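# Structural features, examined
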Amino acid sequence: NWFAQDVETMSEIVTRVDAAASHLSLLGARIEEVELPGAKLFEACGGVIVHAESFAWHRAQLGAKGDLYSDKTFPYFMAGIALDENDLALAQRAARALGAELDAAMARFDALLTVTTCTTALPLGDFQGAAARWTPMRTMAFNVTGHPALSVPCGFVDSLPVGMQIVGRRNDEATVCQIGHGYEQATDFGAVRPAWDARAVGASISAPKGREQR
């Protein structure tokens, strides 16, 4: 429910992560589907915490030297001006409750498998200019709850990389790394260099001579 039915998710991403789950099953994993609290709840909670804490940290500097911040970072930090200590306390309380729900959902499992982002990595050309670009991610939840998470490559779509995320129980980084290592040893996505595609980096950049797909 975190990505397969999400309208922001590219269909090709679902295909790549399904294939990764199948590959893990061939390595001996038992795969089951699990329902989690909505990803948007974690993102909303995390957004309040990030904006409140970053504004509090930068508040004096924003007032004294705000012109030294970039056009992207200044409004990002200033978003926290609308939040107070009560908002932060409520978000932190919600984070603990969401963490407990995630613990309960994971009780029968060694790890969760989800997407890192709902799209491929963005083309480099999309970052030319001042406009910020948002990639729909599924990483915020584990910043909120403190569960260990690892992103590993699981393929390409139109020469752009796809990442899947392995999430473990609290303080069980070892299992997360073991699963990630096993998957990377059984596949070559971490070693493959995608075919050069000028569309992925912007038409103004030319391919160096001799670059080939590995």
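The structure we're discussing is the one just above.
Below: a short report on this structure. (Residues numbered from 1 in each chain as written. Predicted model: local features only at pLDDT ≥ 70, side-chain atom pairs only at ≥ 80, totals over all residues. Heavy atoms only, no water.)

### Details of the pattern of salt bridges
Put simply, the test is: Any Lys or Arg side-chain nitrogen located within 4 Å of an Asp or Glu carboxyl oxygen qualifies as a salt bridge. Working definition: helices are DSSP H or I runs of at least four residues, strands are E runs of at least two. Numbering for both runs from the N terminus. Remark: exposure states derive from per-residue accessible area (1.4 Å probe, protein chains only) relative to the maximum for the residue type, with buried under 20%, exposed over 50%, and partly exposed in between.
Considering all chains together, one arrives at six salt bridges under this definition. Notably, a salt bridge pairs Lys40 with Glu8, separated by 3.0 Å at the nearest N-O pair. Taken together, the residues span a long stretch of sequence, with Lys40 in helix H2 (residues 39-65) and Glu8 in the segment before helix H1 (11-26) at a distance of 32 residues. Judged by relative accessible area, which is 47%, Lys40 ranks as partly exposed. With a shortest N-O distance of 2.9 Å, Asp103 and Arg170 are connected by a salt bridge. Of this pair, Asp103 sits in helix H4 (residues 85-105) while Arg170 is found in the loop between strand E3 (160-168) and helix H6 (173-186), placing the two residues 67 residues apart along the sequence. Several salt bridges share partner residues, and in doing so they unite Asp6, Glu8, Lys40, Glu43 and Arg138 into one network.

### Looking at the packing of aromatic side chains
For clarity, the threshold we go by: Planes of paired rings set the category: under 30 degrees apart is stacked, over 60 is edge-to-face and the rest tilted, where pairs are Phe, Tyr or Trp rings (Trp by its six-membered ring) whose centres lie within 6.5 Å.
Using the criterion set out here, one finds four aromatic pairs in the structure. Considering the side-chain rings of Trp2 and Phe142, the 5.6 Å spacing of their centres and the 35° angle between planes classify their relative orientation as tilted. Highlighted residues: Trp2 in the segment before H1 and Phe142 in helix H5 (residues 140-145), separated in sequence by 140 residues. Ring centres 5.9 Å apart and planes at 70° place the aromatic pair Tyr76 and Phe77 in the edge-to-face group. Residue classification places Tyr76 among the partly exposed residues on the basis of a relative accessible area of 40%.

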